[in-house]
Amino acid sequence: MEATGTDEVEKIKSKFMSAWHNMKYSWVLKTKTYFSRNSPVFLLGKCYHFKTDGMYSGELSTDGSNFDKINTEISGNVEEFRKDFISRIWLTYREEFPQIKGSALTTDCGWGCTLRTGQMLLAQGLMLHFLGRAWVWPDALDIDNSDSESWTAHTVKKLTASFEASLTAEREPKILSNHHQGTVKRNYDDNEKRNEVYHRKIISWFGDSPLTAFGLHQLIEYGKKSGKIAGDWYGPAVVAHILRKAVEEARDPELQGVTVYVAQDCTVYSSDVIDRQCSFMDSGKADTKAVIILVPVRLGGERTNTDYLEFVKGILSLEYCVGIIGGKPKQSYYFAGFQDDSLIYMDPHYCQSFVDVSIKDFPLESFHCPSPKKMSFKKMDPSCTIGFYCRTVQDFEKASEEITKMLKSSSKEKYPLFTFVKGHSRDYDFASSPLHEENNLFSEDEKKRLKRISTEEFVLL
C-alpha cells in the first residue's frame, strides 16, 4: 500500500513537472522567428533565397503573417522552406506513456532532451534512406502555426484538470486542442501512398512504447549498458553510441539495410565504415548497407570557439548531413540549418501527450514542428555530435573526401575537429568493436570510452 501511495505521489509530481516545463518553454513556441531577406537560408543541405527586387525590405516571419508585404516569388520560396522544415520529424518530451522498466517514470520531461534530439537526427537519416531529401509531407502547410499561441492556456487547463483528477483518483481527462485534430484527408497517387506508408512507419519506430525499435524505452535499455538509467542526463556522445546499438539490434526487415558507425576519438576509420556497409544482411545476401556516421566532437573548451562557425555552416550545407545533436548549456537542441551566424533548430522541450503509434492512422501533427527557431552560434555548447548519411560505399568515399577538404580549409590550427583515416582502427592499436556482439551490448573497451565521455559532457535539463 505504501508503494502504491509513493507511485501516486510520483505521478502527481510528474504531471506538475510536465505542466511547469510547458509553461516554461511555451513562450518560445509562441515567439515568431524572423529571417533576413538578404541572406540565404540553409536547411540540411538545401538553400532557400528570400531575396527579391521588390520594394519590401526587412525581416520575414516564416509563419506567413507578413506574406502580404512581399511579392509572389519570395512568398513562394518562404512557403517551400516552411514545407521542408515542417516535414522534418519532431520528437519532444512526452507524458503518460507506458511506465519505463525499472522506474515509476511515465514521462521524460526534464531529462530526456538529448535522447529526443538523437532520435530526430536518426529519423532524418531514415528519411533520407527511405524517402530521399526531396520528399516533403503533403500536409505540412495544413499545420496551423497560430495554434501554438493557445498552448500556454491549454497547459494551464491541463494542469488544473490533472490536479483535480489526481485528487479524485481518476484518469487524467484529455483536453484536445486544434493542434491534435487531424488534417484534411487527401487523395494520394501510388508514389505518394508509398511515401506516406514510410513516413508513418519511420515515426512509428520512435513511438514511446517498450516494443518500438528506437523509442525512449529501448534507448534507455541500451543506455543501462553504459551506466545510465531513466531520469539521468545523457550527453551527445553517449547518445551516439546508444543509437548505434539500437540500429544494430533492430529486427524490422526494413532496417537491415542501414547501419550506424560512431567515430572513435574524433577519427573515422574508413575500412571500419566500409566493413559495416559490406556486412551480410540477415537475409543471407551479400549487399552493401547505407551508413549513418556519427562524430562526437568538441567545438572548443568551456565555450564554443567561433573559428568553427564556418565549418559547422559548411557541414549543414551538405545534403547528406542529417543534423547535429547539440544545444546550449542545460538544453539540448537538434540543429538542422543556419542563416548568417544563427543556427536553425528544433526544440524537444515541449511536453506533449503520448500517442499510440500502433493504432491505424494515428495522428501525425504532433510529430511535426510548426515553426523553426534560431539561436546565435556563440550560445552553442561546444559538446555535440555531427551526423552524415551515405547510401553506398562510393557515397561514403566521396563524402570523406569532401569533408576532409572542408576540415582542412576551416582549421586554422594544426589539428582539425576530426579526421578520416584509411585502414582499420585495429591497425592503429585501437580495439575494434565487433559488428555483432552477443549477450553484452557494449564491449569492455566501449564501456571505458563511454564512462570517459560521460564525464566530459555538459549537463542537460
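Residues numbered from 1 in each chain as written. Predicted model: local features only at pLDDT ≥ 70, side-chain atom pairs only at ≥ 80, totals over all residues. Heavy atoms only, no water.

S.K.: Outline the overall build of the chain, supporting the account with residue identities and numerical values.
M.R.: Assigned secondary structure in the chain consists of 11 helices and 15 strands. Across the 461 residues that make up the chain, the buried fraction comes to 56%. When contacts within the chain are restricted to residue pairs at least 6 apart in sequence, long-range pairs at least 24 apart make up 76% of them. When the accessible surface of the chain is totalled, it reaches about 20800 Å², and 52% of it is carbon and sulfur. (Helix = DSSP H or I, 4+ residues; strand = E, 2+ residues; numbered from the N terminus. Buried < 20%, exposed > 50% of the residue type's maximum accessible area, 1.4 Å probe, protein only. Contact = heavy atoms within 4.5 Å. Areas by Shrake-Rupley, 256 points an atom, 1.4 Å probe, with all protein chains shown as cover.)

S.K.: How would you explain the packing of helix 6 (residues 216–224) against helix 7 (residues 236–249) if you had to name every residue and give the values?
M.R.: Put simply, helix 6 and helix 7 touch, their axes get as near as 9 Å, and they point 115 degrees apart. Regarding the angle of helix 6 to helix 7, the classification is roughly perpendicular. Taken as a pair, helix 6 and helix 7 cross one another with a handedness that is right-handed. Here helix 6 contributes Leu219, Tyr222 and Gly223 to the contact with helix 7, which in turn contributes Ile242, Leu243, Lys245, Ala246 and Glu249. (Axes fitted to C-alpha atoms, helices over the stretch in contact; angles between N-to-C directions. Parallel < 35°, antiparallel > 145°, perpendicular 65-115°, else oblique. Left-handed = near helix turned anticlockwise from the far one by under 90°.)

S.K.: Would you mind going over the pattern of salt bridges in detail, with residue names and values included?
M.R.: All chains considered together, the criterion is met by 12 salt bridges. Glutamate 248 serves as the salt-bridge partner of arginine 244, at 3.4 Å between the closest nitrogen and oxygen. Linking arginine 244 with glutamate 248, this pair stays in helix 7, spanning four residues, or about one helical turn. Both residues of the pair, arginine 244 and glutamate 248, count as buried. Among the salt bridges present, the one from aspartate 341 reaches lysine 313, with a minimum N-O distance of 3.6 Å. Linking aspartate 341 in the loop between strand 10 (331–339) and strand 11 (342–346) with lysine 313 in helix 9 (residues 309–316), this pair joins segments that are 28 residues apart in sequence. (Salt bridge = Lys/Arg side-chain N within 4 Å of Asp/Glu carboxyl O.)

S.K.: Could you give me a rundown of the environment of isoleucine 292, with the residues and numbers involved?
M.R.: In this fold, isoleucine 292 is placed in strand 8 (residues 290–298). By relative accessible area, which is 1% here, isoleucine 292 ends up buried. With 33 residues separating them in the primary sequence, isoleucine 292 and threonine 259 have C-alpha atoms 6.4 Å apart. Ignoring sequence-local partners within four residues, the contact set of isoleucine 292 consists of Leu122, Gly125, Val258, Thr259, Val260, Tyr261, Val322, Phe388 and Tyr389.

S.K.: Give a detailed account of unusual backbone geometry, specifying residues and quantitative values.
M.R.: At glutamate 96, a position not held by glycine, the phi torsion is positive, near 65 degrees. Within the secondary structure layout, glutamate 96 lies in the loop between strand 5 (94–95) and helix 3 (113–130). Even without glycine at this site, cysteine 266 takes up a positive phi of about 60 degrees. With respect to the helices and strands, the residue cysteine 266 is situated in the loop between strand 6 (258–262) and strand 7 (267–269). With a relative accessible area of 31%, cysteine 266 lands in the partly exposed category.

S.K.: Tell me about the nonpolar core, and name the residues and values.
M.R.: Where a protein is soluble and globular, its nonpolar side chains tend to be buried together. Within the largest apolar cluster, 71 residues are counted, with the highest numbers of intra-cluster contacts made by Leu115, Leu126, Ile202, Trp205, Phe206 and Phe214. Once you skip the residues sitting within four places of it in the chain, isoleucine 202 turns out to touch Ile89, Ala123, Leu126, Met127, Phe130 and Leu131. Judged by nonpolar contacts, the second largest core, of 42 residues, contains Ala263, Phe388, Leu407 and Leu417. (Core = buried A, V, L, I, M, F, W, Y, C linked by side-chain atoms within 4.5 Å.)

S.K.: Lay out the confidence of the model for the chain in plain terms, naming residues and giving numbers.
M.R.: Scored by pLDDT, the chain has a mean of 80; 69% of the residues are at 70 or more. Element-level mean pLDDT values for the chain span from 42 in helix 4 (residues 151–167) up to 98 in helix 3. Here residues 53–57 is modelled with pLDDT under 50, and outside its nearest four sequence neighbours on either side it reaches six contacts, counting other chains as well. Here residues 431–441 is a poorly scored stretch, pLDDT under 50, and it has 22 contacts once near neighbours within four places are set aside; other chains count. (pLDDT = per-residue confidence, 0-100.)

S.K.: Please set out the pairing of strand 8 residue by residue, giving values where relevant.
M.R.: When you tally the buried positions in strand 8, you get eight out of nine residues, the bulk of the element. Where strand 8 and strand 14 (residues 383–390) come together, eight bridges link them in antiparallel fashion. Following the sheet pairing, arginine 298 is matched in strand 14 by serine 383. (Pairing = 2+ DSSP bridges.)

S.K.: Describe in detail the packing of aromatic side chains, supporting the description with residues and values.
M.R.: According to the stated counting rule, one finds 19 aromatic pairs in the structure shown. With a centroid separation of 5.5 Å and 45 degrees between ring planes, the pair formed by tyrosine 269 and tyrosine 428 is classed as tilted. Placement of tyrosine 269 in strand 7 and of tyrosine 428 in the loop between strand 15 (419–421) and helix 11 (444–456) is noted, with a sequence separation of 159 residues between them. Overall, tyrosine 269 belongs to the buried group, its relative accessible area being 4%. Considering the side-chain rings of tyrosine 333 and phenylalanine 335, the 6.3 Å spacing of their centres and the 85 degrees angle between planes classify their relative orientation as edge-to-face. By way of ring pairs, the aromatic residues Phe311, Tyr320, Phe388, Phe396, Phe418 and Phe420 are connected into one cluster. Above the plane of the ring of phenylalanine 367 lies arginine 94, whose end atom (NZ or CZ) is 4.6 Å from the centre. The positively charged end of arginine 200 is found above the aromatic ring belonging to phenylalanine 362, 5.0 Å away from the centroid. (Phe/Tyr/Trp six-rings, centres within 6.5 Å; stacked < 30°, edge-to-face > 60°. Lys NZ or Arg CZ within 6 Å of the ring centre and 35° of its normal.)

S.K.: Describe the environment of cysteine 113, with residues and values.
M.R.: Residue position: cysteine 113 is located in helix 3. Along the sequence, cysteine 113 and tryptophan 233 sit 120 residues apart, while their C-alpha atoms lie 8.4 Å from each other.

S.K.: With reference to specific residues and values, describe the pairing of strand 14.
M.R.: Burial analysis of strand 14 places eight of its eight residues in the buried class, which makes it a mostly covered element. On strand 14, burial covers both faces: Ser383, Thr385, Gly387 and Tyr389 on one face and Cys384, Ile386, Phe388 and Cys390 on the other are all buried. As judged from the four bridges shared by strand 9 (residues 321–328) and strand 14, these two strands associate in the antiparallel manner. Paired with isoleucine 325 across the strands is threonine 385, a residue of strand 14.

S.K.: Tell me what's going on with the environment of proline 236, and back it up with residues and numbers.
M.R.: Of note, proline 236 is situated in helix 7. Here the alpha-carbon distance between proline 236 and proline 296, two residues 60 residues apart in the chain, equals 6.9 Å.

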